[in-house]
Amino acid sequence: MEDVVPIKKVSMEDRLYNWRLRLNIWQGNLTDLLTQLWHHPLAMLGGIVLLAYVVLALLAPHITVYDPSRGNLRERLTPPVWEEGGTWDHPLGTDAQGRDLLTRILHGSRVSLAVGFLSVGISALIGTALGALCGFFGGWLDNIISRFADLLLSFPYLIFAIGMMAFLGPGFTNLVLALTFKSWVEFFRLVRGAMLSEKTQEYVEAARVSGQGALAIITQETLPNIIQSVFVLATLRMGFLIIMEASLSFLGLGLPARIPAWGSMVSAGRDYLLVAWWVSTLPGIAILVLVLAINLFGEGLRDILDPRLKVE
Amino acid sequence: MRLLKIVERILVMIPIVIGVAVIVFLFMRLMPGDPVDIMMGQGGAVSAGEAARLREEFNLDKPLRVQLGIFLSDLLRGDLGYSYIQKRPVVSLISERLPATIELALGALIVGLAVAVPVGIISAVKQNSWIDRLSMAGAFLGISMPGFWLGIVLLLLFSVSLNLLPVQGRLSQTVSLQNITGFYVLDSLLTGNWAALRSSLRHLVLPSITLGLPMAAVVARVLRSSMLETLRTDYVTLARAKGAPETGVVLRHALRNALIPTVTVVGLQVGVLLGGNMIVETVFGWPGLGRTVVESIFNRDFPLVQGAVMMYAFIFVLTNLIVDIIYTYLNPKIQM
Amino acid sequence: MNTKTPLLQIRNLSTIYPTRRGPVRAVNSVNLTLEAGKILGLVGESGCGKSTVLLSILGLIRPPGQVAEGEILFKGREMRQMSSNELREIRGKEIGMIFQDPLSTLNPVFPIGEQIRETLRLHHVMEGSRLPWPFDRAARRAERLRVLKIMEEVGIPSPGSRYADYPHQFSGGMQQRALIAIALSCNPALLLADEPTTALDVTIQAQILDLMRRINREHGTAIILVTHDLGVAAEFCDSIAVMYAGHIVERGNVDQIIEDPQHPYTRGLLACRPQIIQPRQPIAPISGNVPDLADMPPGCPFAPRCPLAREVCSEGPVPLIETSWGHMSRCLAHVNFERETDWTWTDRIEMEWMHDHHA
C-alpha cells in the first residue's frame, strides 16, 4: 500500500476561506430570495404588514398616550371614531373600563408577537436539533424520541395547551412553554425526514471519508440544505401559534389579566356585545390581519423555496 | 380477517385511554391547590377543621401512589369518581354533557364537509376561474381566522343585529323536550316535537358554522390540490378516451382518488374539532364537555377533569380508528 | 360507407399549444390515410408529435392546446365537426386507445374487471343495460361474462379470480393486456396504440405485439402503432410514417421504408440500431439534438443535423415529394438544382421535380 496519500489537515486559512465562501453564497441567496419575492406581490404585502406590526409593537409604549391597564371610567364604552358618538380622542373607542382600545391593541401586539416568535423559534430549535440527531444517528435515541413525538401528536392541540396552562398557571414563560411543548414535534419530523434522505447522499459519504466528525457533518454539510425548509415551516406555523395564544387568552388561561392580550380583550367584550360591538371585534381584526399577513408571507416563501411542503 | 384487525385496534385503545387518565391524574395532583382550597376560598364555607376532614374524605391526604391505586381500582369497577365541587358522580355529569358535544361536533363536521367538498371539486375543475380564486381566497381567510372571533362576529351579525338566531344555549327556555338520547335533534324527531326540533336546530346553526368553517377551509384547499393532481393523470385521460361523460370522469374517476389524501387530513382536523369545541362551547354557552373541562380545571375539580379528559381521549382515538378504516376502504393498496 | 373509402383520413392536421415563448406546432400539416384492417406505424423520437396526433384524432387535446386546422375523417365523417356527445359515442366504441405506461393509465382504486366493464356499460353494448340499477341484472351478468371472455382472449390467465383484483396486483405485461382488453371491449374498428411496449421488458414486448397482431387478423381491427423503435414497426406494420419535429418526413409501405429509405432521418434511424448478428460495427448516431419546437428554423426541420443539407434546404418549407408509387419523402435531395432562375421557391421545386421525372 505504498500509494496511499496522507490526508491533509485543514488549515486555518482554508477554514476562513470556507466561511467567507459560505457567507457569500448566503448573501447571494438572500438577494435571490428578495428578487423572487418581488414577483410574489401578495407575499411581499404579507411581509410588509408583518414588519409594520413588529415595528408598531416595539414602539408601542412610546407612541401611545394612554395607559393600557388603567382607564377613565367616565369614558367607558365610547364608540370608534367612525360611529356616532365617537371622537378622535379614542379612535378605536374604549372598553368597559374606559381604557383606550387602540393603545390596548398596540400593547397586545407585543404579547402576541413575542409569544409567536419565541414559541416558533424555540420549537424550531429543539425540533431541528433533535430531528437532526435522531435522523443522523438513529438507534435507541431515535426510537424513544420518535415514539414520544407520536404520543404527543396524538393529542388535539388545544386540549394539551389548556392542560399545560392549567398545570403551570398563568405567565409568559408558561405560555411559551405550553405552546412549544407540542409544536416542536412538527419541526422534529421535518428535519428527521430530511436528514434521513440527506444521509444517503454522496457528499455525506465523501465528508465521512475525508475524516470529518459526525457533528461537523451534521452542522456544516447537511443542515444548510435543510434549513430552508425549516424556515418555511416556521413561518407557516407562526400564524397558528398566535391564534393558539389568542385562544388561550380568550379562555383566561394565558397571561395574567392585567397584561393586555388580544384574546382576553375579545373575551371581556362579550358581555357588552349588544351595546359595544367594537370591544370584541376590533382586537379580533388585529389578530386576523396579523395572521393573514404571516400566512401570505409564509406561503409565498414556501412557493419560492420549497414547493415540496405543499398540501399541509 | 379485517374484523380481527379492527378488534385488535379497539383493544389497543384501552391502555392508551388509561395512560391518558394516569397522566391527567398526576397533572392534577401536582398542581398547586386542591379542591378543598377552592371550597375554602368560596366565602369561608369551610373552616380549618372541616378542611382536614374533607381532605381525609377525598383521600387527598394520602401519599400519591395510594391515591393512584385507589383511582385505578375505582376505574376498573367503572367508577369514575365523585365530583366534590358539583356534588354528583362524575359519570352522570359526563353522560349529561357528552351528547351536547357530540351533537356540536357532528353539526360542525356536516357543515364543514358540505362546504369543503363542492368547493374543492369545483375550484379544481374550473381552475383559475373567478370561482376558484374567490374560494381559495375565502379558504385562506378561513385558516387565518381565530375561531372564537368568528363565533363572536357571527353572533353579532345574526343574533344581535338581525335577531335571526338565538344567542346562547341549546334550546329556548320556552320549549320543553323529553330527554331520550340526549341528542336534542334526535329526541325532537323521535317525539314528534316540531317546536323543539326547530329550536334545537336554530341553536345548532351558529356554533356548527363557527366550528366547521375553519375546518372546511383546510379541507377545501387539500381537496382542490389533490383533485388538480388527479385530473392530470393518465387514467383520467383514459376514462375520457373510453367515452365517459365529463361529470362521470370528475366524480367517479378523479374524486375517488383525490379523496385518499384528503381523508387523512380530515382525520387530523377532527382532532382540531375536538379542541376547538371548548372555545365554541364557551362562546355560545353550549352545555357540553368542553366547557366542563375548562371550568373544572379552574375549580380544581380533579375527578371531573380526569373523567372529562379521558372521555375526550377515548373519542379522539375512536375517531382516528374510524378514519383509518375509511382510509383502507378508499385505498386498495393498503390493508389495515 | 363504400368499401373504397379509407377508414381514417387525416388531411393537413395541425395542433398548436400556446406556450410562454410562443405557439408550438406539435403537429404540423400532417396527412395520413389508413384502410380498414391495416396497421400503420407512426415512428419518431420522443416529442416529435406522434402521441399528439392520436390525441387529436379523439379530440382529447386539453386546452389551451387545440387542433388548429385540418380534417379528420373517420368512416367518412368529419370528427372535428362532431358534438361532444357524438364524439363520446365514438370514443371507446369505435376507436379504442391504449397508452404507454399501463400502471399509471389504470385507475388504481377500481378492480380491473370493473374498468373493462365500464366501457361496455358506457356504450350500452349489452341489452338491458340502460335500465336503472336493480333491473339491469341480466345486463350486468352478460357484461361480466363478456369481460371474462375478453380477459381470456387477451391472455390474462384465470380471469374469474382476477376480475376483482386491483391494477397494482398485476404484473406490467398483464396490466398492458388489461388495457388492451379495455380498448377492445366494444370491438372497435380502429385501435390507437401509443407506445404500448415501451414500458415493458423485451420478452413481454414480443407477447404484446403478437397479441395485437392476432387481434388485427381475427377481428380486422385497424391499428395505428406509435413507437420510437423502427424495428418494431418494421416487424409489425403494413405501412409506416416517420415523424420529425411535428412533420411527417417520410411515408410509404413497410418494404419501401425499410429497404429503400429516402429521407436522411429515416436512414439515420435505421443505421443507429445496433446489429447484434453482424460483425461489430460502430453505431452511427445522428448528430445534433431535436429542435426546440418553439423556435423552429425556416425550411426543412432536419436540416441542422442532416449530412446532405444544402443552402436551399433552409430557405423555405419543403413539400413531400413522391419518389416512387405511394412512397413520399420530405427531402430536396431528390431534386436537382442545376439551373439558376429567379422563380419563386415553390415554383423552383415543382419545376425541378417535373424536369427530373419527365425528362
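Residues numbered from 1 in each chain as written. Chains lettered and ligands numbered in written order. Predicted model: local features only at pLDDT ≥ 70, side-chain atom pairs only at ≥ 80, totals over all residues.

Here we take up the overall build of chain C. Within chain C, the secondary structure is distributed over 12 helices and 12 strands. Of all 359 residues assigned to chain C, the portion counted as buried reaches 40%. Contacts spanning at least 24 positions in sequence make up 63% of the contacts within chain C whose residues lie at least 6 apart. (Helix = DSSP H or I, 4+ residues; strand = E, 2+ residues; numbered from the N terminus. Buried ≥ 20, exposed ≤ 12 C-beta atoms within 10 Å, placed from the backbone. Contact = placed C-beta atoms within 7 Å.)

This part is about the overall build of chain B. Within chain B, the regular secondary structure consists of 13 helices and two strands. Restricting to contacts in chain B with at least 6 residues of sequence separation, those with at least 24 account for 70%.

Taken residue by residue, the interface counts 23 residues in chain C and 16 residues in chain B. Put simply, the parts of the chain that give the side of chain C that touches chain B at least two residues each are α2 (84-90), α3 (102-105) and α4 (112-122) of chain C. Per-element tally for the side of chain C that touches chain B: the top contributor is α4(C), with three residues. Within the side of chain C that touches chain B, the residues separate by chemical class into 10 nonpolar, seven polar and six charged. (Nonpolar A, V, L, I, M, F, W, Y, C, P; charged D, E, K, R; others polar.)

All names here are of chain C. α4 sits mainly inside the fold: nine of its 11 residues count as buried. Buried-residue contacts for α4 involve α5 (137-153), α6 (159-162) and α7 (172-184). A positive backbone phi angle near 50 degrees is found at H124, which sits one or two residues after α4.

Our focus in this paragraph is the interface of chain A and chain B. Counting residues at the interface gives 29 residues for chain A, matched by 30 residues for chain B. Looking at the side of chain A that touches chain B, the elements that each hand over two or more residues are α5 (157-168), α8 (214-250) and α10 (278-305) of chain A. Here the side of chain A that touches chain B takes eight residues from α10(A), the largest share from any one element. Split by residue class, the side of chain A that touches chain B holds 20 nonpolar, seven polar and two charged.

A few words now on the pairing of strand β8 (residues 222-227) of chain C. Residue and element names in this part refer to chain C. In terms of burial, β8 is largely enclosed, as six of its six residues are buried. What you see with β8 is no split at all: A222, I224 and V226 on one side and I223, L225 and T227 on the other are buried throughout. Note that strand β7 (residues 190-194) and β8 share five bridges and pair parallel. Its bridge partner lying in β8, D194 is registered against V226. Crossover handedness for the path β7 to helix α8 (residues 202-219) to β8: right-handed. (Pairing = 2+ DSSP bridges. Right-handed = clockwise from strand over helix to strand, strands pointing away.)

Turning to the pairing of strand β6 (residues 95-98) of chain C, a few remarks are in order. Residues and elements named next belong to chain C. Residues I95 and M97 point to one face of β6 and G96 and I98 to the other, with burial holding for every one of them. Relative to β7, β6 is paired through four bridges, and the arrangement is parallel. Looking at the pairing, G96 lines up with L191 of β7.

This part covers the sheet that holds strand β5 (residues 77-78) of chain C. Picture the strands of a sheet paired through backbone hydrogen bonds; they go either parallel or antiparallel. All names here are of chain C. Strand order in the open sheet made by the four strands is β2-β1-β4-β5, with antiparallel pairing throughout. Lying at the two open borders of the sheet, with one neighbouring strand each, are β2 (22-34) and β5. Where strand β1 (residues 8-19) lies against strand β4 (residues 66-74), seven bridges are found, and the strand directions are antiparallel. Residue pairing across strands places S14 opposite E69, the latter belonging to β4. In this fold helix α1 (residues 50-58) packs onto β1, β2 and β4, with an angle of close to 75 degrees to the strand it touches most, β2. (Axes fitted to C-alpha atoms, helices over the stretch in contact; angles between N-to-C directions.)

So, about unusual backbone geometry. In this model, N128(B) sits at a positive phi of 70 degrees, which is unusual for a non-glycine residue. Mapped onto the elements, N128(B) comes out in the loop between α5 (90-125) and α6 (130-144). Taking the number of C-beta atoms within 10 Å as the measure of exposure, N128(B) has 9 and is therefore exposed. Unlike most non-glycine residues, N187(C) shows phi in positive territory, near 55 degrees. Looking at where N187(C) falls in the secondary structure, it is placed in the loop between α7 and β7. Taking the number of C-beta atoms within 10 Å as the measure of exposure, N187(C) has 14 and is therefore partly exposed.

Turning our attention to the nonpolar core. Membership of the largest hydrophobic core comes to 236 residues, with the highest contact counts inside it found for A161(A), I162(A), V219(B), Y312(B), I224(C) and L225(C). Looking at this core, the element that brings in the most residues is helix α11 (residues 246-284) of chain B, giving 17 residues. (Core = buried A, V, L, I, M, F, W, Y, C linked by C-beta atoms within 7 Å.)

Glancing now at the sheet that holds strand β11 (residues 321-324) of chain C. All names here are of chain C. As summarised here, the arrangement of the eight strands in space is β6-β7-β8-β3-β9-β10-β12-β11, forming an open sheet in which the pairing is mixed. With partners counted over all chains shown, the strands left at the sheet margins are β6 and β11, one partner each. When strand polarity is set aside, the average angle formed by the axes of neighbouring strands in this sheet is 20 degrees. Pairing of strand β10 (residues 247-253) with strand β12 (residues 327-329), which is carried by two bridges, proceeds in the antiparallel orientation. The residue bridging R251 from the neighbouring strand is M328, located in β12.

Time to look at the packing of α10(A) against α6(B). Helix-helix packing is described using two parameters, namely the angle between the two axes and the distance between the axes. Two numbers describe how α10(A) lies on α6(B): the axes approach to 9 Å, and their chain directions differ by 115 degrees. Once α10(A) is placed against α6(B), the crossing between them reads as right-handed. Mapping the contact onto sequence places L288(A), V291(A), L292(A) and N295(A) in α10(A) and F140(B), I143(B) and S144(B) in α6(B). Grouping the amino acids of the contact of α10(A) with α6(B) by side-chain chemistry returns five nonpolar, two polar and no charged. (Left-handed = near helix turned anticlockwise from the far one by under 90°.)

All names here are of chain B. For the pair helix α7 (residues 147-161) and α11, interaxial distance at closest approach is 9 Å and the crossing angle is 30 degrees. Relative to α11, the element α7 lies roughly parallel. At the point where α7 passes α11, the crossing takes the right-handed sense. Between α7 and α11, the contacting residues are G147, F148, G151 and I152 on the first element and G276, I279, V280, V283 and F284 on the second. Here the residues of the contact of α7 with α11 sort into six nonpolar, three polar and no charged. (Parallel < 35°, antiparallel > 145°, perpendicular 65-115°, else oblique.)

Residues and elements named next belong to chain B. For I102, the location among the structural elements is in helix α5. We classify I102 as partly exposed; it has 16 C-beta atoms within 10 Å. Expressed as a C-alpha distance, the spacing of I102 and L274, which sit 172 residues apart in the sequence, is 9.3 Å.

Right, let's talk about the confidence of the model for chain B for a bit. Across chain B, pLDDT averages 80, with 86% of residues at or above 70. By mean pLDDT, the top-scoring element of chain B is α6(B) (90), and the lowest-scoring one is helix α2 (residues 35-41) of chain B (63). (pLDDT = per-residue confidence, 0-100.)

It is worth spelling out α1(C) at this point. For α1(C), the buried fraction is high: nine of the nine residues fall into the buried class. Considered for burial, the residues of α1(C) that qualify are K50(C), S51(C), T52(C), V53(C), L54(C), L55(C), S56(C), I57(C) and L58(C).

Turning our attention to the confidence of the model for chain C. Segments scoring low in pLDDT should not have their predicted coordinates read at a detailed level. Averaged over all residues, the pLDDT of chain C equals 82, while 88% of them reach at least 70. Taken over the whole predicted complex, pTM reads 0.82, whereas the ipTM for its chain interfaces reads 0.80.

The next subject is the environment of V66(B). Structurally, V66(B) is set in helix α4 (residues 64-76). Taking the C-alpha atoms as reference points, V66(B) and L251(B), separated by 185 residues in sequence, lie 59 Å from one another.

This paragraph deals with the environment of R146(C). Residues and elements named next belong to chain C. By secondary structure assignment, the location of R146 is in helix α5. On the basis of neighbour count, R146 is assigned to the partly exposed category, with 17 C-beta atoms found within 10 Å. Expressed as a C-alpha distance, the spacing of R146 and L42, which sit 104 residues apart in the sequence, is 32 Å.

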